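# Topology and contacts: notes
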Amino acid sequence: LTHFAIVFAALIHDVDHTGLPNAQLVKDGHELAAKFKNRSVAEQNSVHLGWETLMDPRFERLRKCIYQTNVERKRFRQLVINSVMATDIADRQVNEERQQKWERAFQVSKLSVSEQSPLQIQEDMNRKATAVIEHIIQVSDVAHTMQHWHIYRRWNERLFHE
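A few points on the structure. (Residues numbered from 1 in each chain as written. Predicted model: local features only at pLDDT ≥ 70, side-chain atom pairs only at ≥ 80, totals over all residues. Heavy atoms only, no water.)

Of note, the phi angle at Asp16 is positive, near 65 degrees, even though the residue is not glycine. With respect to the element layout, Asp16 can be found in the loop between helix H1 (2-12) and helix H2 (22-27). A positive phi is found at Ser40, a non-glycine position, where the angle reads about 45 degrees. Along the chain, Ser40 turns up in the loop between helix H3 (31-35) and helix H4 (41-54). Looking at Ser40, the relative accessible area reads 2%, which means it is buried. (Helix = DSSP H or I, 4+ residues; strand = E, 2+ residues; numbered from the N terminus. Buried < 20%, exposed > 50% of the residue type's maximum accessible area, 1.4 Å probe, protein only.)

Written as structure tokens, this is what we have:
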């Protein structure tokens, strides 16, 4: 479930991207900015379109392979949303929330592992996994800017022409 959530999020994270930053979409009064209340506009649109596509009846068998219960569906959806939203590096509030999530996930517990219930242990592991996943997908989204200049330029030119 988690593995496919990460792959799915990576596949959809720039679906229907206009090529404009969120701040410009908001400034221009773009219809997507209004629809998503001026917050992480491109990212929310990508999640919306990606989820809408996955919910198409043609993909019912795929959905049954990804999750079997409503709890699993909710967990999958939340992982996808968190992962795609993590690619919004310009929204200060989103970044602060992600940092707080990281700090909560990795703060030292007052209870030893033996004092925690299995549910507490699972929730702790989920919090840590989610925090790590969000940072990995964020880094993956912007890592192309760290390539050697000639590689960066070549790929960006190809993207521009596409």
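More follows now that the structure is in view.
Now for the packing of helix H7 (residues 92-106) against helix H8 (residues 118-142). When two helices pack together, their arrangement is given by the angle between the helix axes and by the axis-to-axis distance. Between H7 and H8, the shortest axis-to-axis distance is 9 Å and the interhelical angle comes to 140 degrees. Classed by the angle they form, the pair H7 and H8 counts as oblique. In the crossing of H7 with H8, the sense of the turn from one axis to the other is left-handed. Residues Asn95, Arg98, Lys101, Trp102, Arg104, Ala105 and Phe106 of H7 touch H8, and the partners they reach there are Asp124, Arg127, Lys128, Thr130, Ala131, Val132, Glu134, His135 and Gln138. Of the residues assigned to the contact of H7 with H8, the class counts are 5 nonpolar, 4 polar and 7 charged. (Axes fitted to C-alpha atoms, helices over the stretch in contact; angles between N-to-C directions. Parallel < 35°, antiparallel > 145°, perpendicular 65-115°, else oblique. Left-handed = near helix turned anticlockwise from the far one by under 90°. Contact = heavy atoms within 4.5 Å. Nonpolar A, V, L, I, M, F, W, Y, C, P; charged D, E, K, R; others polar.)

Glancing now at H1. Listed as buried for H1 are Ala5, Phe8, Ala9 and Ile12. Along H1, the residues classed as buried sweep out an arc of 100 degrees about the axis, all on the same side. Seen from the buried face of H1, the exposed residues on the opposite side, beyond 90 degrees, are His3 and Leu11. Those residues of H1 that are buried are in contact with H4, helix H6 (70-85) and H8. (Arc of directions from axis to C-beta.)

Counting residues in each nonpolar core, the largest one holds 16 residues, and the members touching the most others are Phe8, Leu54, Phe76, Val80 and Val84. Counting only elements with at least two residues in this core, the list comes to H1, H4, H6 and H8. Residues within four places of Val84 in sequence aside, it is in contact with Ala9, Ile12, His13, Glu43, Ser46 and Val47. (Core = buried A, V, L, I, M, F, W, Y, C linked by side-chain atoms within 4.5 Å.)

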